[in-house]
Amino acid sequence: MNSAAVALNRFGLGARPDEPVPADPQRWLLAQFAPYDPLPAPWKPVSRTPALVDAWLAQQRAVRQAPEGQRAGIREAYLRSSREEYVAAASARATSALQTSTPFVERLVHFWSNHFAVSVDKLLVVGLAGGFEADAIRPHVLGRFEDLLLAAVRHPAMLLYLDQAQSIGPTSRAGERAQDRQPLRRRGLNENLAREILELHTLGVRSGYTQEDVTEFARALTGWTLPADDSAAGASGTFRFAPALHEPGPRTVLGRSFAEGGEQQARDILHHLATSPATARHIARKLARHFVADDPPRALVERLAATFSRTGGDLPSLYRELVVAPEAWQPGGAKFKSPWDWAISTYRALGRSEVTTGLMNQLGQPVWRPGSPAGYDDGTATWAAPDALLRRVEVAQRIATQAGNAVDARALAPRLLPGGALTEATAAAIARAESGSTALALLLVSPEFLRR
């Protein structure tokens, strides 16, 4: 790949034939920060988090008030509505990716949404996943890491996904009342959110934290929950700190003491984590892995980590350091496209405006359903297995058949892979194809197009 192809495919989401090839690729990427729209047109009809939480609370209230025989029907009606919200939001996500004039920033949205992953295989999350990306991720991708972290872990989707809404301090007022009422029923501390913040969101694995750090952090997080039916829940209506659930007392995390302070105690710990050198290294490596190589150059990771620490986690500064890094512009497709990347770049190449959720299911990467808090893996080994490649071939053939001879793959190929990125072997194979649809299918599954 030359620099234009790298900008379009590695940093962006794939070329569109109706858009010019950037003359100055680095300038083109950095100029996308200012016009980025956190809520572009496809997202505007989609329900936002406050409305989604209101619907969840209304369902909870209706279930409590209904006779036993009617409760299953209420839950099923809510789940149907949640699935509709999910499909609408997933469609908005795909449409934004296809139509965006700021594909670099849009890729960063996808990166951070996967970093702070929630998964809709947990039914409580189905209706809230779109609101998570719209309200926790999209507004913060060009801000500070600490603000993004706080927005993600306080969002109702994350609180429900990692069972934080059920966490009760054992010696909190609510914990002691529950123990008095039902001595044999154990309701107490849940460590899921604390563990994933430490392991996935901030410090990373093997960074020196202990099980006691996880437990202490979990105690500090008690009280972080969703709004109650009878609560105004502040201006946002999406988060509530419940003092009655909070485990009293000071906490010690990573050798540092944090005084009792209600909600602020956990926020102080989050600040400590967000500014830790271990977090700087973890985020730097993950960004370099996504944009450069599965095993990124150590020198690049060190420069990115230094920029993160020097700027207090200013994300645009981190992105600028990445864009100007010589390592990021090496020729050759070092990164194998995930199914999402491949589908979006395919449909951008054809000038399409929609990708169905069914297609992503077929390709093996359903939107917001990675199956674990770790998100989808970013490495070649995960997506280049023979069965995964076969699915792409089948999809490419179907898309090409539908396009028929309306798309001239011979003319399209150099526009998608400019500046010599298209190899002679692939160009020759396309030229020799017996039909227009065969030529297009060959282009879409060519080694150059499968990588970025």
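Here's what I pulled together on the structure shown here. Note that this is a predicted model, so its numbers are computed, not measured.

Topic: the nonpolar core
- Formed by 138 residues in total, the largest nonpolar core has its most connected members in Phe11, Trp112, Phe116, Phe217 and Leu440.
- The element that contributes the greatest number of residues to this core is helix α4 (residues 68–99), accounting for eight residues.
- Each residue touching phenylalanine 116, except ones within four places of it in the same chain, is listed here: Phe132, Ile137, Phe145, Leu148, Leu149, Ala152, Met158 and His201.

Remarks on the packing of helix α1 (residues 3–11) against helix α5 (residues 103–115)
- Direction vectors running N to C along α1 and α5 enclose 35°, while the axes themselves pass 9 Å from each other. Contacts between α1 and α5 involve Asn9, Arg10 and Phe11 from the former and Pro103, Phe104 and Arg107 from the latter.

Quick notes on the packing of aromatic side chains
- Counting across every chain of the model gives 15 aromatic pairs.
- Relative to tyrosine 319, the ring of phenylalanine 33 has its centre 6.1 Å away and its plane inclined at 65°; by these criteria the two rings are edge-to-face. Placement of the pair is phenylalanine 33 in the loop between α2 (25–30) and α3 (49–65) and tyrosine 319 in helix α15 (residues 315–323), with a sequence separation of 286 residues.
- Look at tyrosine 319 and you get buried, because its relative accessible area is 0%.
- With a centroid separation of 5.9 Å and 50° between ring planes, the pair formed by tryptophan 112 and phenylalanine 145 is classed as tilted. Here tryptophan 112, found in helix α5, pairs with phenylalanine 145, found in helix α7 (residues 145–154); they are 33 residues apart in sequence, far enough to count as distant.
- Using a relative accessible area of 0% as the deciding quantity, one classes tryptophan 112 as buried.
- Stacked on the ring of tryptophan 340, the Lys or Arg arginine 93 has its end atom at 4.6 Å from the ring centre.
- Note that arginine 154 overlies the ring of phenylalanine 239, its terminal NZ or CZ placed 3.9 Å from the centroid.

Cut-offs and rules
- Residues numbered from 1 in each chain as written.
- Predicted model: local features only at pLDDT ≥ 70, side-chain atom pairs only at ≥ 80, totals over all residues.
- Heavy atoms only, no water.
- Core = buried A, V, L, I, M, F, W, Y, C linked by side-chain atoms within 4.5 Å.
- Buried < 20%, exposed > 50% of the residue type's maximum accessible area, 1.4 Å probe, protein only.
- Helix = DSSP H or I, 4+ residues; strand = E, 2+ residues; numbered from the N terminus.
- Contact = heavy atoms within 4.5 Å.
- Axes fitted to C-alpha atoms, helices over the stretch in contact; angles between N-to-C directions.
- Phe/Tyr/Trp six-rings, centres within 6.5 Å; stacked < 30°, edge-to-face > 60°.
- Lys NZ or Arg CZ within 6 Å of the ring centre and 35° of its normal.

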